[in-house]
Amino acid sequence: MKITGGRSKGKILASPKGMDIRPTSSKVREAIFNILGQDMTGIRVLDLFAGTGILGIEALSRGAHHAVFIDRSDHAIKIINKNLALCGYHDICKVIRSNITNMSDFKFLSLKKGFDLVFMDPPYRKGIIPPVLAALSGFGTLSDQALVVTESAKKDNLPERVETLLLSDRRTYGETKIDIYKRDLK
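The rules we used
- Residues numbered from 1 in each chain as written.
- Predicted model: local features only at pLDDT ≥ 70, side-chain atom pairs only at ≥ 80, totals over all residues.
- Heavy atoms only, no water.
- Helix = DSSP H or I, 4+ residues; strand = E, 2+ residues; numbered from the N terminus.
- Buried < 20%, exposed > 50% of the residue type's maximum accessible area, 1.4 Å probe, protein only.
- Contact = heavy atoms within 4.5 Å.
- pLDDT = per-residue confidence, 0-100.
- Salt bridge = Lys/Arg side-chain N within 4 Å of Asp/Glu carboxyl O.
- Pairing = 2+ DSSP bridges.
- Axes fitted to C-alpha atoms, helices over the stretch in contact; angles between N-to-C directions.
- Core = buried A, V, L, I, M, F, W, Y, C linked by side-chain atoms within 4.5 Å.

Topic: the side chain of Ser137
With respect to the element layout, Ser137 can be found in helix 5 (residues 129–138). Here Ser137 falls in the buried class, since its relative accessible area comes to 9%. Not counting residues up to four positions away in its chain, the partners in contact with Ser137 are Val162, Glu163, Thr164 and Leu165.

Concerning the confidence of the model for the chain
Summary statistics for the chain give a mean pLDDT of 89 and a share of 92% for residues scoring 70 or more. Across the chain, the secondary-structure element scoring lowest on mean pLDDT is helix 4 (residues 103–106), at 60, and the one scoring highest is helix 2 (residues 54–61), at 97.

Some details on helix 5
Helical periodicity: at 3.6 residues per turn, an α-helix aligns residues three or four positions apart in one direction. Restricting attention to buried positions, one finds in helix 5 the residues Ile129, Val132, Leu133, Ala135, Leu136 and Ser137. Gly140, located one to two residues past helix 5, shows a positive phi value of around 70°.

Side note on the pattern of salt bridges
Within the structure shown, the criterion is met by 8 salt bridges. Here Arg161 makes a salt bridge to Asp184, at a shortest N to O gap of 2.3 Å. Remark: Asp184 occurs in the segment after strand 8 (176–183) and Arg161 occurs in strand 6 (residues 161–162); sequence separation between them is 23 residues. In this structure Arg161 comes out as partly exposed when scored by relative accessible area, which is 41%. The class of Asp184 is buried, set by a relative accessible area of 14%.

Here's the deal with the sheet that holds strand 2 (residues 66–71)
Pairing within the open sheet is mixed, and its 8 strands lie in the order 3-2-1-4-5-8-7-6. The sheet is open, and its two borders are formed by strand 3 (93–97) and strand 6, each paired with just one other strand. In this structure, strand 5 (residues 142–153) lies alongside strand 8, joined through 7 bridges in antiparallel fashion. Of the residues in strand 8, the one forming a bridge with Ala153 is Thr176. Strand contacts of helix 2: strand 1 (44–48), strand 2, strand 3 and strand 4 (115–120), with the helix running at about 175° to strand 2, the strand carrying the most contacts.

Here we look at the nonpolar core
Ile32, Val45, Ile57, Leu60, Phe69, Leu84 and Phe119 are the most contacted members of the largest nonpolar core, which totals 30 residues. Every element with two or more residues in this core is listed here: helix 1 (26–36), helix 2, strand 2, helix 3 (74–87), strand 4 and strand 8. No other element matches helix 2, which puts 5 residues into this core. When near neighbours in sequence (up to four residues on either side) are disregarded, Ile57 contacts Ile3, Leu13, Thr52, Phe69, Asn83, Leu84, Cys87 and Tyr89. In this structure, Ile129, Val132, Leu136 and Leu142 belong to the second largest nonpolar core, which totals 23 residues.

Now the structure itself:
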């Protein structure tokens, strides 16, 4: 698994053994950053269901100022920490072990204001994305210009609006669907 862009482009990262963690493919990662843009200078990133941390690390490689990685798996947390160390990003990141689908665990995010970009790649076909979008919107975690990028199965039906988040782009790559939500504060 290699970083696809930015100052760490080409760096090989640790990848999981087995099927418990499903890293976002390089094709999908490149497509996401072609849509978002390559310059992430100064933004704050939240990577939920982070797995290997590859999406947040891609943003850091492109200039993001700070990133928080959250996953419930001890194995994922070890891989994220290893990958951050390989890239030299540990000092600008926080890695948290938490079950983000448990709303009581989610409330701690209300202390972290102003995320500009959120990646969300939960297990497919579990109905996790809409309630987490609502929590992100409701807890004041997002900056006014925030974008939330979700990865799901092609057949998952996601809403066009969840509270203050409005679907702005939808793309399909094989069996993977990428939805991008933006803040709509009107």
